[in-house]
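Tertiary structure, described
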Amino acid sequence: MKKISSGKVREIYEVDDDKLMMVVSDRISAFDVILPAMITDKGKVLNKISEFWFDYVKDIIPNHIITTKFEEFPEEFRTEEFKDRSMLVKKLKMLPIECIVRGYITGSGWKSYKEDGTVCGIKLPDGLKESEKLPEPIFTPSTKAEEGHDMNISFEEACNLIGKDLAEKVREKTIAIYTKCADFAKSKGIIIADTKFEFGLDENGELVLADEVLTPDSSRFWPADDYEVGCSQKSFDKQYMRDWLKANNWDAANPTPIPEEVISTTRAKYVQAYEKLTGKAFE
């Protein structure tokens, strides 16, 4: 069991030359810091949501999953700690950009728009309000930072990093996946305001969807019933935890314990997102 990566949430093990095991922990991060609190079952929820979406968009793009069935894992991974939170996946040559798509103006996009009317170099219509739906989804890539913040980049800069043809294909697939999934989520009472995807190339140079897809960690999920233009929104994602940290001036350098109530409410939001999207009870 050779661990090759330990991220804010995911652990990645190399199984052999062409396979990896991706394991989703119950860790939670906010403001680029891993918090000193575990959210029970969070990893299982994220794993199941990703699995659901990978299957839902397989007509648009292939994905990296070999199996999510516990009994089909390599023997050393058939223990309780890996059950329901792991995927055996193909090893890919990952692209060095985060593929972000925004359907609504919020977060860093709203901040940038207020400054100069643009997001990642894309000029948007005048007079947009916070959380307003954009005329059409926009592709706003970023770099992948080993530490600290990813940096937003223009489409032209993405072309310089991965080549124009591949960048255009990635942009097209990113928007197609988002559009299909956002329409589905809306029918289930969830607005997906924005999200990020990661892509890689397989041994034949084909583009493949990888990592995680449309989870509450990689996306902004808003309850459609409460949606209101002109303000920040309630959410099914970890924004609740971020808001609590902000309101309580939580300091990563001198961390204080996070109350059990905040942890349990965060867990409930993750579970609720899964149940609303899939129509299944989380067990």
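First, a word on scope: everything that follows refers to the structure included in this document.

About the thresholds
- For every chain, the first residue of the written sequence is number 1, and numbering continues from 1 along that sequence.
- Under the rules for a predicted model, residues below a pLDDT of 70 receive no local features and side-chain atom pairs below 80 are neither given nor counted, while totals for whole chains, interfaces and linings still include all residues.
- Only hydrogens and water are set aside when side-chain values are computed; all heavy atoms of the structure are taken into account.
- A strand pair is defined by DSSP finding two or more bridges across the two strands.
- Here a strand is any run of E in DSSP of at least two residues, a helix any run of H or I of at least four, and the numbering for each starts at the N terminus.
- What counts as an axis is a line fitted to C-alpha atoms, over the stretch in contact for a helix, and the angles between N-to-C directions run from 0 to 180 degrees.
- Throughout, a contact is declared for two residues whenever any of their heavy atoms are within 4.5 Å.
- Here a salt bridge means any side-chain nitrogen of Lys or Arg lying within 4 Å of a carboxyl oxygen belonging to Asp or Glu.
- The buried label applies to any residue whose accessible area, calculated with a 1.4 Å probe on protein chains only, is under 20% of its type's maximum; exposed applies above 50%, and partly exposed to all values in between.
- Residues enter a nonpolar core if they are buried and are Ala, Val, Leu, Ile, Met, Phe, Trp, Tyr or Cys, with the set joined through side-chain atoms within 4.5 Å.

**What about the sheet that holds strand E7 (residues 86-90)?**
Taken in spatial order, the 5 strands line up as E1-E2-E3-E7-E6 in an open sheet, and their pairing is antiparallel. Looking at the sheet topology across the chains shown, the edges are occupied by strand E1 (2-6) and strand E6 (65-67). The average undirected angle you get between the axes of adjacent strands in this sheet is 35°. Packed on one face of the sheet, helix H1 (residues 42-56) meets strand E3 (19-24), E6 and E7 and runs near 45° to E7.

**Concerning the pattern of salt bridges**
Within this structure, the stated rule accounts for 19 salt bridges. Lys91 is paired through a salt bridge with Glu14; the nearest N and O atoms lie 2.6 Å apart. In this pair, Lys91 is assigned in the loop between E7 and strand E8 (93-94) and Glu14 in strand E2 (residues 10-16), connecting sequence segments 77 residues apart. Exposure remark for Glu14: the relative accessible area of 24% places this residue in the partly exposed category. The partner of Glu198 in a salt bridge is Lys196, and the shortest N-O contact between them spans 3.8 Å. Overall, Glu198 belongs to the buried group, its relative accessible area being 12%. Several salt bridges converge on common partners, so that one network encompasses Glu98, Lys144, Lys196 and Glu198.

**Some points on the nonpolar core**
The nonpolar side chains of soluble globular proteins are, as a tendency, buried together. With 67 residues, the main nonpolar core has Trp53, Val170, Ile177, Phe197, Phe199, Leu209 and Ile258 as its most contacted residues. No other element matches the 9 residues that helix H4 (residues 164-187) contributes to this core. Filtering out sequence-adjacent residues up to four positions away, Val170 remains in contact with Leu95, Cys99, Phe139, Ile162, Phe199 and Leu207. Ranked by size, the runner-up nonpolar core spans 9 residues in total, among them Ile105, Tyr113, Leu134 and Ile138.

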